[in-house]
Every structure is written in structure tokens, then in C-alpha cells.
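Residues per chain are reported as follows:
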Amino acid sequence: MAVAEAQLYTKVSNKHRGRSSSALLEPLLAKGFPAHIAQKALVATGQKTIEDAAKWLHSHCNDPSLDDPIPQEYALYLCPTGRLHSHLQDFWKESKRQCGKNRAHEVFPHITLCDFFTCEDQKVELLYDILKRVGDSFSQSFPPSISLTLHASPSYLGFFIDDSQANVLKEFAVAFSSEASALADCHVKPSLKQFHLTLAHRFYPHHQKTLEQLAKCINPGEPCQWVAALYSRDMRFVHYQRLRALFQYKPQNIDELMINAGDLIYVDPTQQSDVSEGWVIGISHRTGCRGFLPENYTEKAHESDTWVKHREYVFETASRSFSKTEKESNVKLNGEGHNPSMSRSITNVLSLQNAALQRGVLVMCHGERVDQVFGKSWLQQCLTADGKYYRADLNFPSCLPRRKDSMKEFECDPPLSCCGIFQSRLIGEALLDQEVTVSYVYSSPALRCVQTAQHVLQGLKLNKKVKIRVEPGLFEWTKWEASRAIPNFMTVAELVEASYDIDTSYRGNFPLSSLVPLESYEDYVSRSSVVIKQIITACPSKGKGVILIVGHGSSLAPLTRVLTGLPNRDSRDLAQTAQKIPSLGMCFCEELKEENKWQMANPPVKTLTHGANAAFNWRNTIMED
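The structure displayed is predicted, hence computed values, not measured ones. Every chain begins its residue count from 1, and numbering advances along the sequence as written. Residue-level local features of this predicted model are given only where pLDDT is at least 70; pairs of side-chain atoms are given and counted only at 80 or more, and the full residue set underlies all totals for whole chains, interfaces and linings. To get the side-chain values, all heavy atoms of the structure are used, and hydrogens and water are removed first.

Helical segments are the DSSP runs of H or I of at least four residues, strand segments are the runs of E of at least two, and each set is numbered from the N terminus. Each helix and strand counted, the protein has 18 helices and 18 strands in total. Here's how the labels work: a residue is buried when its accessible area is under 20% of the maximum for its type, exposed when over 50%, partly exposed in between, all with a 1.4 Å probe on protein chains only. For the protein, the proportion of its 625 residues judged to be buried stands at 50%. Within the protein, contacts between residues at least 6 apart in sequence are counted, and of these 77% link residues at least 24 apart. A 1.4 Å probe and the Shrake-Rupley method give the accessible areas. Residues count as covered only by the protein chains that appear here. Element-wise, carbon and sulfur atoms account for 51% of the exposed surface of the protein, whose accessible area totals about 30,500 Å². Note on contacts: a residue pair qualifies if any of its non-hydrogen atoms lie within 4.5 Å across the two residues.

What follows is about the confidence of the model for the protein. When pLDDT is averaged along the protein, the result is 86, and 88% of the positions lie at 70 or above. Scored below 50 in pLDDT, residues 318-344 shows 49 contacts in the model against residues more than four places distant or in partner chains. Scored from 0 to 100, pLDDT reflects the predictor's confidence in each residue.

With that settled, the discussion passes to the packing of helix α5 (residues 82-99) against helix α8 (residues 208-215). With axes taken as lines fitted to C-alpha atoms, and helix axes fitted only over the stretch in contact, angles between N-to-C directions fall between 0 and 180 degrees. It is the contact of α5 with α8, at a shortest axis distance of 10 Å, that shows an interaxial angle of 155°. In terms of their interaxial angle, α5 and α8 are classed as roughly antiparallel. Pair α5 / α8 crosses with right-handed handedness. Residue-level contacts link F91, E94, S95, Q98 and C99 of α5 to T210, L211, L214 and A215 of α8. Here the term charged refers only to Asp, Glu, Lys and Arg, the term nonpolar to Ala, Val, Leu, Ile, Met, Phe, Trp, Tyr, Cys and Pro, and the term polar to all other amino acids, Gly among them. Here the residues of the contact of α5 with α8 sort into 5 nonpolar, 3 polar and 1 charged. The labels follow the angle: roughly parallel below 35 degrees, roughly antiparallel above 145, roughly perpendicular from 65 to 115, and oblique for the rest. The crossing is said to be left-handed when, going from far helix to near helix, the turn is anticlockwise and less than a right angle, and right-handed when the turn is clockwise.

Before going further, it helps to spend a moment on unusual backbone geometry. For Q47, which is not glycine, the phi torsion reads 50° and is therefore positive. At S499, a position not held by glycine, the phi torsion is positive, near 75°. With respect to the secondary-structure elements, S499 resides in the loop between α14 (492-497) and α15 (521-538).

With that settled, consider the packing of α15 against helix α16 (residues 556-563). α16 packs onto α15 with a crossing angle of 60° between their chain directions and a minimal axis gap of 9 Å. Classed by the angle they form, the pair α15 and α16 counts as oblique. The two elements α15 and α16 cross, and the hand of that crossing is right-handed. Between α15, through Y524, S528, S529, V531, I532, K533 and I536, and α16, the contact on the second element is made entirely by P558, L559, V562 and L563.

This part takes up the sheet that holds strand β13 (residues 360-365). Within a sheet, adjacent strands bond to each other through the backbone by hydrogen bonds, running parallel or antiparallel. Strands were regarded as paired on the criterion that DSSP finds at least two bridges between them. The strand order across the open sheet built from 6 strands is β15-β14-β16-β13-β17-β18, with neighbouring strands paired in mixed fashion. Both edges of this open sheet fall to β15 (468-470) and β18 (597-601), since each of them pairs with a single strand only. Direction aside, the axes of adjacent strands within the sheet are offset by 25° on average. Of the pairings in the sheet, the one linking strand β14 (residues 438-443) to strand β16 (residues 546-551) comprises 5 bridges and is parallel in character. Residue pairing in the sheet places Y440 in a bridge with I547 of β16. The strands touched by α16 are β13, β16, β17 (586-592) and β18; relative to β13, the strand with the most contacts, the crossing angle is about 165°.

Okay, the nonpolar core next. Within this scheme, the nonpolar core is defined by two criteria: the residues are buried Ala, Val, Leu, Ile, Met, Phe, Trp, Tyr or Cys, and they are joined through side-chain atoms within 4.5 Å. Counting 53 residues, the largest nonpolar core has L78, L127, F176 and L199 as its most contacted members. Here F176 is in contact with L76, C114, F117, L127, I130, L131, V134 and L230, once residues within four sequence places are set aside.

So, on to the environment of R290. Secondary-structure assignment places R290 in strand β10 (residues 290-294). Excluding anything up to four places from it in sequence, R290 contacts L257, Q271, I281, G282 and I283. Only 2.9 Å separates the side chain of R290 from the side chain of Q271, close enough to count as a polar contact. Nitrogen and oxygen atoms within 3.5 Å of one another constitute a polar contact, given that in protein one can donate a hydrogen and the other can accept it, and given that sequence-neighbouring residues count only through two side-chain atoms.

Strand order across the open sheet formed by 5 strands is β10-β9-β8-β7-β11, with antiparallel pairing between neighbours. Looking along the sheet, the strands with just one partner apiece sit at the ends: β10 and β11 (298-300). Sheet twist, expressed as the mean angle between neighbouring strand axes with direction ignored, is 45°.

Taken across its 10 residues, helix α3 (residues 35-44) has 7 buried, putting it largely inside the fold. Buried residues of α3: I37, A38, Q39, K40, A41, L42 and V43, and no others. Residues of α3 that are buried in the fold lie against α2 (25-30), α4 (50-59), β1 (72-80), α6 (124-138), β6 (226-234) and β12 (308-314). A positive backbone phi angle near 80° is found at G46, which sits one or two residues after α3.

What follows concerns the packing of aromatic side chains. Aromatic rings from Phe, Tyr and Trp, with only the six-membered ring used for Trp, were paired whenever their centres fell within 6.5 Å, and each pair was classed as stacked if the ring planes differed by under 30 degrees, edge-to-face if by over 60, and tilted otherwise. Here the structure, examined in full by the defined rule, presents 26 aromatic pairs. Geometrically, the ring pair formed by Y156 and F160 is tilted, given 6.2 Å between the ring centres and 40° between the ring planes. On the basis of relative accessibility, which here comes to 26%, the residue F160 falls in the partly exposed class. Relative to Y266, the ring of F237 lies with its centre 4.0 Å away and its plane at 20°, an arrangement referred to as stacked. Residue F237 is located in the loop between β6 and β7 (241-245), and its partner Y266 is located in strand β8 (residues 264-267); the two are separated by 29 residues in the primary sequence. Across this residue pair, the class does not change: F237 and Y266 are buried. Taken together through their ring pairs, the aromatic side chains of Y77, F108, F116, Y231 and W307 make up a single cluster. Charge-over-ring placement is defined geometrically: NZ (Lys) or CZ (Arg) within 6 Å of the ring centre, and within 35 degrees of the ring normal. Geometry around F116 places R233 over its ring, the cationic atom sitting 3.6 Å from the centre. Sitting over the face of the ring of Y128, R311 holds its NZ or CZ atom 4.2 Å from the ring centroid.

Looking now at a nonpolar patch on the surface. Residues F616, W618 and I622 make up a contiguous nonpolar surface patch of about 390 Å² in total accessible area. Here W618 shows up in helix α18 (residues 618-623). Within this analysis, patches are made of residues with over 30% relative accessible area and no salt bridge. Like charges are joined at 9 Å or less; nonpolar side chains (Val, Leu, Ile, Met, Phe, Trp, Tyr) at 5 Å or less. By convention in these notes, a salt bridge is any Lys or Arg side-chain nitrogen within 4 Å of a carboxyl oxygen on Asp or Glu.

Written out as C-alpha cells, the structure is:
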């Protein structure tokens, strides 16, 4: 147990546990649940229904922390609803699409009234009563509308609240905190600094202009009903990352975690250093259990996704003019709002930007390589006594391309597996379905990359129409080569003879002779920077075509970060990032011509996820006793 947690357990376990008069508690006690555990279940589900609490208890039956007396943390937020909220949600979605995630995306739109404080489970109902009582006392003095003024800086974008109205909100926050401290034995600090509603925070400075342009589409004077809402979170996981499961995973070993699609997982970044590649160790929000799970079964979630909404106080303002239809279409605080007028505003911004969008760059990792499945000695498994190749498994390629030098050169320059070929063609077909126009194709000289480019083009039905430009400068960081030597790649003539659609007139920016073994990280980053800039320069910007670049796991970050003006990561970060990039993992950059810059955007197609399929020996499995 961590020292901080141990201190926290000691602090709260010595406090007296009163018994709540909640009508929800009695049925749970009648079912035989201990009072403190029943209280914990009610608080964890927002004290809404007996059914919710009973379901939580069932899910947490194997939770090792079920008896631990750690309370929840609570915060009081003022949240907009109605049209303004819908506009803000549209901004959230579009700013994330265009500029990537920033700190503001972790939580829904809100104004902080009281920041997080602890409250014992059996006293939470007192907070509900206090919120209602203080809300009633301020219902007449609450501002009929709240004036919001846009404020921008290189790292912050948001609305500031008019001072006179902010003073009323501060008085409300002080009244709530005073009563909560006195009646519920909570140490509550009201927010007394400049009241604000954050739109973006901790973003890259070069995104400021785009974010401001999107923010100006929000009309802060739209009809809005303000709600004071009480939220809670599990204080043990404040500094953890949050993941959301995309697929169900059934444990294969006792130390693995059972997850269902949609489950939220807490992950401590400090505990991942000794975990096997492709795996993380986490704690399930749904069950409280801990174990290993495959990282590619998850995606990043928002901090507030694991919060619980308890009670809210709706301020009925004189200026409120919602129709019944508007009330019914109002969205949940974490929902995906849709508002036609805001959508039109966003569309106008996008049309201006798309007019300037001339080109896109799709950087892609190669497909599954044969040694990734069968190990470094894969070639020995496929050679007869007289040195001829044969297909020892259906995932081996049906044949190998002819090359003038020894077949053993394939050990350092392996081909795609059959699944890798299928993956590549499937991505090409998906690009075709999305009507993506690929105008130029560049590939690392590694055979697996050339094959990936070839089969993507076949899926796009562009083979014979678009030729592959083999660029030695796109080869991966040579320090990672196991042989500590540059592989003997197939020549352009050999690739053409093997029926690959190669642009024989292309002369690479970096000759093969310029690749040196064990190059420094600085040299690799410099090479990547030079080659992407030269590729962009060589491809005319007249049409709206996509430049496809097929490289390695180490290619995605250096090529795209320099193109979008982001600083390069250090070598350790690159290694960790490359390990997380799957076969056919991709990044997409789009050009904003008028602004003379590139920005990251979602790739035009999804990546491909599939499970492992081990070799099967029926005799050993079925016949053995």
C-alpha cells in the first residue's frame, strides 16, 4: 500500500460512522450488506436507486478495497445547459479534431464554485440538503443572465465572468462551503479567484489562432439555464490515467483483468516500466479488480468519465425562455450536443479552412512482417535441405521474390506475412471506400514497406497508375538494426522484376550509401526532418492529393511532428512510442495553405485490430492423454 494511501486510511478509519436516514439504505441492510459497504455503494452510484447500488455491490464483490474507508472527493460546479451548452460541446469536439486534445477536454464545460473536498459517506446527504437550502436562498439574487467575455493567451482560452455577477457566484460558493464545513464536517474551500469557463488549456501556441477562430463561433448570449451540480471522484486515482475498453477481453492467465467493451480503467503511469510490451496494468472502475490487459484493446478516456453526478440545483432565471422542445432536446453534461446554428458556424469555419487545404500527408507503418510472427529464425523454418524455399505455415508468403544475392539476406530484410499482405490491401480498400485520392507514394527501401505500399495501392485500384518512389531516407533508425549493419535491400531492378510498381526515374534524397550503422538519435531526427521537407517540396501543391508515406514504427513521430512544428521527443520517448504503434498504424497531416502550416487530423480510415492466432498441432492437443 502506498504511504499516502496508508495515511489516508488511518485518518478516516478513526472517525465515527453515523447511520444515514436514507430510505435507500434500509433495503440494502435488509439484504445483509454491512452498513459501511452499503453506504459506499450508494455514494459510488450517486444515491439514485437501490438497483444501481445493488448492481455496484455485485460488480465489486471481488474488489480488494471494498472494506477500505476512503471517502470520495466532491466538487461543486456551475454548468450551462441549453443552447450555450450545445455550442460549447460543438467547440469541444471540433477543437479536439483540429488541434488535438488539451487539458480542457478532460472535463465538461463548467465554472468551478468549490474545488474538490472530502466528505464521509454517511454525511453526503447533508451536502444535498445544503445545496438545496443555499440554492433557494440565492434563487432571487442569482443573475438573470451571465455575461461571458472571451479571453485568450498562448496557453489559455476561455470566458471570464463579469465582476458584478461573479461576486454573486462567489457569495453562493462561500455560503455552501460554510454550511458544508459546519454541518457535514468537511473542509471546503470556495473558489475566490477570477471566475471563468475554460475552453482550452495547455495547448500548443501555434494552435491559438485556430482555437480562437472556433471560439468566436460561440455566441455567449444564447439562452442558458445554469445548474449548480455536485460531482464526486475516487480520490485514490486522481493522478492516474484513464482508459476506455474498446473490446471485451477474457483473461488467459490469473493475473489478467477481465474487461467488457466500455469499461473504464485506471492506469498508474509509474507502474508500467516493468510491464511487457503491448500490455498495461490497471484497475477496473466497474469492478475494482486489478490486473494486466492488452493496451490495444483500449483508448484514452477523459478524467470526468469516471466521475459521479449526485445532485443539482437549477436556477430559475427571469430571462429564461426555453420552449418545451428545447428542454427535451437538452443534452447531458457529458453528452454529444448538437445545435444547428452552431453547426453552421463551425461549417463556415471549416469551409474557409478546407478552401486552403491543398494536400494531406498519410504516414503509415508497414504491415505484419514475417519475423514478427515466426521469430528471427523464420527462414530456417522454410528452407529444404537443398536450400529451396517452401511454405511451412499458411501465414508464410507463398513465395519469395527473386534476388541476385543470397536468400539469407531476407533475414535482415524480411517480407510481409500473408496476414500483413491482407492488412495492407484492406487498408487500401478502406481508403478507396472513403474516396481518398492518393497522388504520390513514398516507401522506405525495406521490402516489408515496399510490399505494404504495393498492396495498399492494389486495394485502392491504383497499381500501375501510381508508382512507388523508394526513398532510402525513410528507413528506420539504424541503431535499432539487430545485425548492427545496414541490410542489403533489393535493388530497384529486382523490385521491378518482381512486379512491384516502382518509379524507376526517381532518385532518392538520401542514397543508400548515406545510411550508416548505429547512427545517433540526432542524426536520425535530422534525416527524417530533411526527407519529409524534400518530399513536400517535390510534390506540387496544385491539387488536393494525399501523399502516402510507408515507413516504420519509428517514422510516425519524427515525420509528422516536424511537419506540424512540434518539437522532437527524446530518444527514450521515441522508443516507447514506437512500441505502441501497431501494423498499419498511421498519422495524418493536412495543409492549411493560407496559414502556411500543417496540422494533425484524424486519419481518413480506422486502424485494424485483431487478435493472435497461435500455431495448432492437432496430434498433441487432441490425441494426447
